[in-house]
Number of protein chains: 2
Amino acid sequence: MTTITTRPIETAAHDRLYRTLRLQIMHGEIMPGQPMTLRGLGKQFGVSMTPAREALRRLVAEGALMLSSSGRVTTPELSNERIEELAALRALIEPELAARALPRAHLALIDRLSAINTANAEAVAKQDAVAYIRTNLEFHRTLYLRAQAPAMLAVIETVWLQLGPTMRALYTKLRRNEPPRHHRMILAALRAGDEPSLRLAVRTDVTQGLRHLAG
Amino acid sequence: MTTITTRPIETAAHDRLYRTLRLQIMHGEIMPGQPMTLRGLGKQFGVSMTPAREALRRLVAEGALMLSSSGRVTTPELSNERIEELAALRALIEPELAARALPRAHLALIDRLSAINTANAEAVAKQDAVAYIRTNLEFHRTLYLRAQAPAMLAVIETVWLQLGPTMRALYTKLRRNEPPRHHRMILAALRAGDEPSLRLAVRTDVTQGLRHLAG
DNA sequence: GGGCGCAATTTGTGATCACATGGGCGCATG
DNA sequence: CATGCGCCCATGTGATCACAAATTGCGCCC
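Residues numbered from 1 in each chain as written. Chains lettered and ligands numbered in written order. Predicted model: local features only at pLDDT ≥ 70, side-chain atom pairs only at ≥ 80, totals over all residues. Heavy atoms only, no water.

Peer 1: Can you break down the relation of the copies chain A and chain B residue by residue, with the values?
Peer 2: Superposing chain A onto chain B takes a rotation of 180 degrees plus a shift of 0.0 Å along the axis, which leaves an RMSD of 0.1 Å. Here the two chains are linked by the operation of a two-fold rotation axis. Both copies share a contact surface, since 100% of the interface residues of chain A are interface residues in chain B too. (Least-squares fit on C-alpha atoms with pLDDT ≥ 70 in both. Contact = heavy atoms within 4.5 Å.)

Below is the structure:
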């Protein structure tokens, strides 16, 4: 609903395929371990193997997909150690992004974050895991976009990408029936302009969901 | 009908090309803004456009190369803001990696780090910028390999990759005539098992070189 | 002499083909 | 009936071709 201004860009075939798969992976719509073939993807999207190969290689380069020894491409099944690492990366980088966004966080931004948060609550009520993940990431990305730090944002998005398939498994397993209470703490810290509590709120929000799996 | 019978041991062509270019970029052997063409690279490495395209797309996905609007691939010329961002990422992640490596840092590792450090000093004496960058990164990577954190290491290597071309320009401009004194502080903190000073030493070592450019 | 437009060449994109390889499945044999 | 072996198909890899767009350079006109 709150989509960004969609530009009528003529997108290259491999790029459309890349973005489609990327969103599917990040939102947890693809199960871990699921194999993907070049010809299968090409046929599915009406293109030849070449764009499919480029899209897949790109996703492999970002860590979203795993390349087996024989060249087979599958969504990775993350070990607990890897999940812990990725969670640590989130805990390191996201508070920094939030802190950098804080001076630029005006009231309009906070309102938009609140709106995303209510959409998130609706996803929780509907037990819709994909919508939950999507709105949750949208909440964070909307905040971090204000940080004016594209390199950091790109790094953290690749981390989200790697966590996508397991986040789905995680959130369906946890049977969450409450919206993330830390999001309200984030909003409160933003309104108060309190950087230390903002950093803390972001850090705990990021780690609280993921630490359950490693334990 | 290839020309010669394939060798019994061979790595995939696109992978060799990728690794070669990746090292060249990370070590600063390629000037920023330099354009690279698919057919040119293919001819240079004796392969067709297909492997060259894959290698370049992979490097673009990692942020090592920039894809212009028309599809041309060049090494990016980083703005000062982007350099500051990447330096901040190094300052965030590398102390964490060092701290995780600390409990596993035995004497043999410290000896190897010292050896790399002397090689680094030799590169400084010879005014060899590429050797300087290479040994400097080797110092850090050797330490971080002990952290047993492959995801974090992969992230920080992509950061190094993005900084490669500008590091070259930076270090030739600064005309460094001294080896990094913070490396000795890192070694001392490792020997003492002192995590706080290790984190501090790594952070200052990482930021000291790069803050000059942004200032 | 300089600016502008057109053409030729360069270059990326996508499709198709040939080939090697690995995996899966069935069949034969102990 | 179980196990191993071999064949066939699916799949990734790399090369080549056709095409469109962009870039470059040359010549023409003012």
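Peer 1: Account for the sheet that holds strand β2 (residues 66–67) of chain A, with residues named and values stated.
Peer 2: Ordered by their spatial adjacency, three strands build an open sheet running β1-β3-β2 (chain A), and the pairing between neighbours is antiparallel. Among the strands making up the open sheet, the edge pair consists of β1 (35–36) and β2 of chain A. (Pairing = 2+ DSSP bridges. Helix = DSSP H or I, 4+ residues; strand = E, 2+ residues; numbered from the N terminus.)

Peer 1: Any chance you could break down the side chain of E94 of chain B for me, citing the residues and the numbers?
Peer 2: All names here are of chain B. You can see E94 is positioned in helix α4 (residues 80–101). Look at E94 and you get buried, because its relative accessible area is 0%. The residues contacting E94, other than those within four sequence positions of it, are L89, H140, Y144, I156, W160, V202 and V206. (Buried < 20%, exposed > 50% of the residue type's maximum accessible area, 1.4 Å probe, protein only.)

Peer 1: An account of the protein's contact with DNA strand C is requested, with residue identities and associated values reported.
Peer 2: Neighbouring residues of DNA strand C: 17 residues in total, closest A13, H14, S48 and T50 of chain A together with R39 of chain B. Taken together, the sugar and phosphate atoms account for 53% of what DNA strand C places within 4 Å of the protein. A distance of 2.7 Å separates a phosphate oxygen of DNA strand C from a polar atom in the side chain of S48 of chain A. Contributions of two or more residues to the surface near DNA strand C are made by α1 (13–26) and α3 (49–61) of chain A together with α2 (38–45) and α3 (49–61) of chain B. Split into classes, the residues belonging to the surface near DNA strand C amount to nine nonpolar, five polar and three charged. (Near = heavy atom within 4 Å. Polar contact = N/O pair within 3.5 Å; in protein donor to acceptor, adjacent residues only side chain to side chain. Nonpolar A, V, L, I, M, F, W, Y, C, P; charged D, E, K, R; others polar.)

Peer 1: Quick rundown of the domain arrangement of chain A? Include the residues and the values.
Peer 2: Residues and elements named next belong to chain A. The domain architecture assigned to chain A consists of domain 1 (13–74) and domain 2 (80–214). One C-alpha centre belongs to domain 1, the other to domain 2; they are set 26 Å apart. If you look at the interface, domain 1 gives 13 residues, while domain 2 gives 13 residues. Taking both partners together, domain 1 and domain 2 bury about 1,200 Å²; carbon and sulfur atoms supply 67% of that area. For domain 1, the biggest contributors to the area lost against domain 2 are M26, H27 and E62; these three give 46% of the whole. Residue E157 pairs with R22 through a salt bridge whose shortest N-O separation is 2.7 Å. There are two residue pairs in polar contact (both at pLDDT 80 or more) connecting domain 1 and domain 2. When residues of the side of domain 1 that touches domain 2 are assigned to their parent elements, the largest contribution, three residues, is made by α1. (Domains from an automatic or database assignment. Buried area = accessible area lost by both parts, 1.4 Å probe. Salt bridge = Lys/Arg side-chain N within 4 Å of Asp/Glu carboxyl O.)

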